[in-house]
Amino acid sequence: MGALKLDNVVKTYANGHQAMKGISLDINEGEFLVLVGPSGCGKSTTLRSIAGLESITSGEIHIADERVDELPPAKRDIAMVFQNYALYPHMTVYNNMAYGLKNRGYSAADIAEKVNAAAKMLELTDYLQRKPGQLSGGQRQRVAMGRAMVRQPKLFLFDEPLSNLDASLRLQMRLEIKRLQRSLGTTSVFVTHDQVEAMTLADRLVIMNKGEIEQVGTPKEVYHKPQTTFVAKFLGSPAMNLLPATLVGKNQLKLDDGQLIAIPDQEDAVQDGQRLYLGLRPENVSLTNEGNGLINFVAKVSEELGATQLLHGEVANTPFSLNLSQFDQHETEHFSLTFDPQQIHLFDYETGERVNA
Ligand SMILES: Nc1ncnc2c1ncn2[C@@H]1O[C@H](COP(=O)(O)OP(=O)(O)O)[C@@H](O)[C@H]1O
Ligand SMILES: [Mg+2]
């Protein structure tokens, strides 16, 4: 039995909008699961439904062995951390962290022990008597974490908790959340629209699109074997290049300007004449002067990133980017590309579904 299970959950809002279109998920004990997807895809709705802040329209939600979708939020043994921290401004840090425990009738001594232990882990010991207004954004975020931790819930839910922080603090808090979650071992569901945050934090990622799950997998699985063009484009920066093409026989692709590219033999899943997208990640392509099965590339703009350079241009009139360790300016803008044949991604043109192994 998993720690959290969603079974075909549908959420239709009063205005008729279907924000969850049958979401099923099985989350393991102690797992750090990240829900990621563009704004409006239903991440917060999913989290709020788990917490009981939204009622669901159909389906079931189970925590450990218990069905909880009919239970009020307070009975679900969950702690949630929000983007806006939701701290009480008139209370000290100590009382903000103690609040949930007082409500649950813990003794003063118990409360002091739990709050002091959490404050120590979060390096908030010196700030316990301050009010939230006297803290930095990162410290407020830590107080919100502390308030969740002291309750030792079955489940942590995080809704974009780092979005209000500046870049360096976001990185620092990201590492801290990961470290805390590891040491506490509490099953966690973390929502973000930020693909880097998602990739770095997750044991497993759930990529959502328009109220549906596109793919579930480890960061490596979803990056290296995206099952749809949506996932392929969503993860990675610059995004994966997707070239419209037609399969010729079993091992050639014809791009829309007529050039032919050799690819490894394709088995049953694809047929001669099938319309596809050829997906190539910017870091899996290099410039060359020699070899067979090359792709013609027209360079337009290069961007210096320090360690690497991005080169943007076109292949068969489709935008195409490369990530190169070195690129020296040339007289010409016409180049040939090679690619690692093991690192190609093929998607059906109509459905966007992956068709190669
Ligand atoms: N209370 C509501 N009533 C109607 N539609 C809503 C409500 N809350 C959210 N939505 C809609 O449901 C969709 C999913 O919203 P949300 O779960 O907040 O997405 P995300 O967190 O991924 O940005 C959006 O189209 C949003 O406009
Ligand atoms: Mg949201």
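Residues numbered from 1 in each chain as written. Chains lettered and ligands numbered in written order. Predicted model: local features only at pLDDT ≥ 70, side-chain atom pairs only at ≥ 80, totals over all residues. Heavy atoms only, no water.

A.B. asks: I'm lost on the side chain of N241 in this one. Help?
C.D. replies: Looking at the element boundaries, N241 is found in strand β11 (residues 241-248). Judged by relative accessible area, N241 falls into the buried class, the value being 5%. Polar contacts involving the side chain of N241 include one to the main-chain amide nitrogen of S321, which spans 2.8 Å. (Helix = DSSP H or I, 4+ residues; strand = E, 2+ residues; numbered from the N terminus. Buried < 20%, exposed > 50% of the residue type's maximum accessible area, 1.4 Å probe, protein only. Polar contact = N/O pair within 3.5 Å; in protein donor to acceptor, adjacent residues only side chain to side chain.)

A.B. asks: What is the right way to look at the sheet that holds strand β5 (residues 66-67) in this model?
C.D. replies: Working definition: the strands of a sheet are paired by backbone hydrogen bonds and lie parallel or antiparallel to each other. Here 4 strands make up an open sheet; going across it, the order is β2-β1-β4-β5 and the pairing antiparallel. Edge positions in the sheet fall to β2 (18-27) and β5, since each has one partner strand and no second. Bridge analysis of strand β1 (residues 4-12) against β2 gives 7 bridges, and the strand direction is antiparallel. Residue pairing for β2: V10 is matched across the bridge by K21. (Pairing = 2+ DSSP bridges.)

A.B. asks: Please clarify how the site of ligand 1 should be interpreted in this entry.
C.D. replies: All residues adjacent to ligand 1 are Y13, N15, H17, A19, P38, S39, G40, C41, G42, K43, S44 and T45. Between ligand 1 and G40 there is a distance of 2.7 Å, counted from an oxygen atom to a backbone nitrogen or oxygen. Measuring from an oxygen atom of ligand 1, one finds a backbone N or O atom of C41 at 3.2 Å. Across the complex, the protein chains shield 63% of the 560 Å² of accessible surface that ligand 1 would expose by itself. (Near = heavy atom within 4 Å. Areas by Shrake-Rupley, 256 points an atom, 1.4 Å probe, with all protein chains shown as cover.)

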